[in-house]
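An overview of the molecular structure
For reference, the chains in residue letters:
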Amino acid sequence: MPLYSAAAPIETATTEPPWVRRVLLGTALGFLLLFLGLPLAVVFVQALASGLGTYAAAVTEPVARSAVRLTLMAAGASVVLNPVFGLAAAWAVAKFEFRGKGLLITLIDLPFTISPVVSGLMFVLVFGAHGLFGPWLVAHGLQIVFAAPGIVLATVFVTFPFVARELIPLMQEQGTEEEEAAIVLGARPWQTFLKVTLPNVKWGLLYGVILCNARAMGEFGAVSVVSGHIRGKTNTLPLHVEVLYNEYQFSAAFAVASLLTLLALATLVAKEVVERKAARRTVLLPPERPLLATTEAPA
């Protein structure tokens, strides 16, 4: 006999009357349309207001192409480096107990708590011509600030917490039982990491990488300080949009801004795909069998 009848009423999680739910849903959708949908639509309308020829010229001119390359380079460096740092930090925090653990967690959150402008100033004070390492860098012909390396460093710094903060609670919830079992069975540390730890956190890692990439492409404050605003050399897409807008080249500014908007929408799509796959994997996982069922000898 089935436990649930098809005619049985479906219970809801809340007891509010239907009109309350409709009002809440309508309010949420209204805010989304007003503060998200309308601005996005205006960006594309303004970008195409002067015609496709003007739009194509704005996004393909050499300065715009240089801004695209620099933006993708900074985002690519963040996507490559931050998963390494994030995995190491999350593994240390979630799997081990040591002195200074609270300090490490605080340092991971540091880019979240300070202004991006202050982050950029820190790199100027350290790597600028009159900074801590400035004289040594000048003597060896190296330039960090007001060049591409400074933009990459600033971008990596402000995006560092995304991967670590996504993985730390996930690893803490999983515990250390599986890694300990693998070690007992003779697995080496790297085998344990590749065969046990990494498969368990791969969706969280990918989610953190997507968020990191989104923030890297749109970063303005820290990059603005360390870039020097050298047109065609150190301007990323957000900085290039600002320059065009300040010069009253509104069609070109909105055209370049539409590129950032398309990148953001692509990031949202990727984020949604990862969330759905992670949720599907969780639903399809077979229920755990009791340990006795795998260890008890047949009668």
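Residues numbered from 1 in each chain as written. Predicted model: local features only at pLDDT ≥ 70, side-chain atom pairs only at ≥ 80, totals over all residues. Heavy atoms only, no water.

Taking an unreviewed UniProt entry as the reference, the protein chain is identified by name as Sulfate ABC transporter permease subunit CysW belonging to Rubrivirga marina. Listed in UniProt under the heading Function (unreviewed entry), the comment for the protein chain reads: "Part of the ABC transporter complex CysAWTP (TC 3.A.1.6.1) involved in sulfate/thiosulfate import. Probably responsible for the translocation of the substrate across the membrane." Among the UniProt annotations of the protein chain, the heading Subcellular location (unreviewed entry) holds the following wording: "Cell membrane". (UniProt positions renumbered as here; feature names shortened; annotations may be inferred.)

Details of the pattern of salt bridges
Going through the model one piece at a time under the given rule, you end up with six salt bridges. A salt bridge links Lys101 to Glu97; its shortest N-O distance comes to 3.1 Å. The buried category is assigned to Lys101, whose relative accessible area is 15%. Exposure remark for Glu97: the relative accessible area of 70% places this residue in the exposed category. One salt bridge connects Arg276 with Glu272, and the closest N-O pair in it is separated by 3.0 Å. Highlighted residues: Arg276 and Glu272, both in helix H13 (residues 250-284), separated by four residues, approximately one helical turn. (Salt bridge = Lys/Arg side-chain N within 4 Å of Asp/Glu carboxyl O. Buried < 20%, exposed > 50% of the residue type's maximum accessible area, 1.4 Å probe, protein only. Helix = DSSP H or I, 4+ residues; strand = E, 2+ residues; numbered from the N terminus.)

Here's the deal with the environment of Ile168
Inspection of the secondary structure puts Ile168 in helix H8 (residues 148-174). Considered as a pair, Ile168 and Ile105 are 63 residues apart in the sequence and their alpha carbons are 9.6 Å apart. When sequence neighbours within four positions are dropped, the list of residues in contact with Ile168 reads Ala90, Val93, Ala94 and Ile108. (Contact = heavy atoms within 4.5 Å.)

Notes on the nonpolar core
It is characteristic of soluble globular proteins that their nonpolar side chains tend to be buried jointly. In terms of nonpolar packing, the biggest core is built from 18 residues, with Leu87, Ile108, Val163, Leu167, Met171 and Leu205 touching the most fellow members. Listed by contribution, the elements that provide at least two residues to this core are helix H3 (62-95), H8 and helix H10 (189-218). In terms of residue count, H8 provides more of this core than any other element does, seven residues in total. Those residues in contact with Ile108 that lie beyond four places of it in its chain are Ala89, Val93, Phe160, Pro161, Ala164 and Ile168. Listed in part, the 15 residues of the second largest apolar core include Ala47, Leu237, Val241 and Ala253. (Core = buried A, V, L, I, M, F, W, Y, C linked by side-chain atoms within 4.5 Å.)

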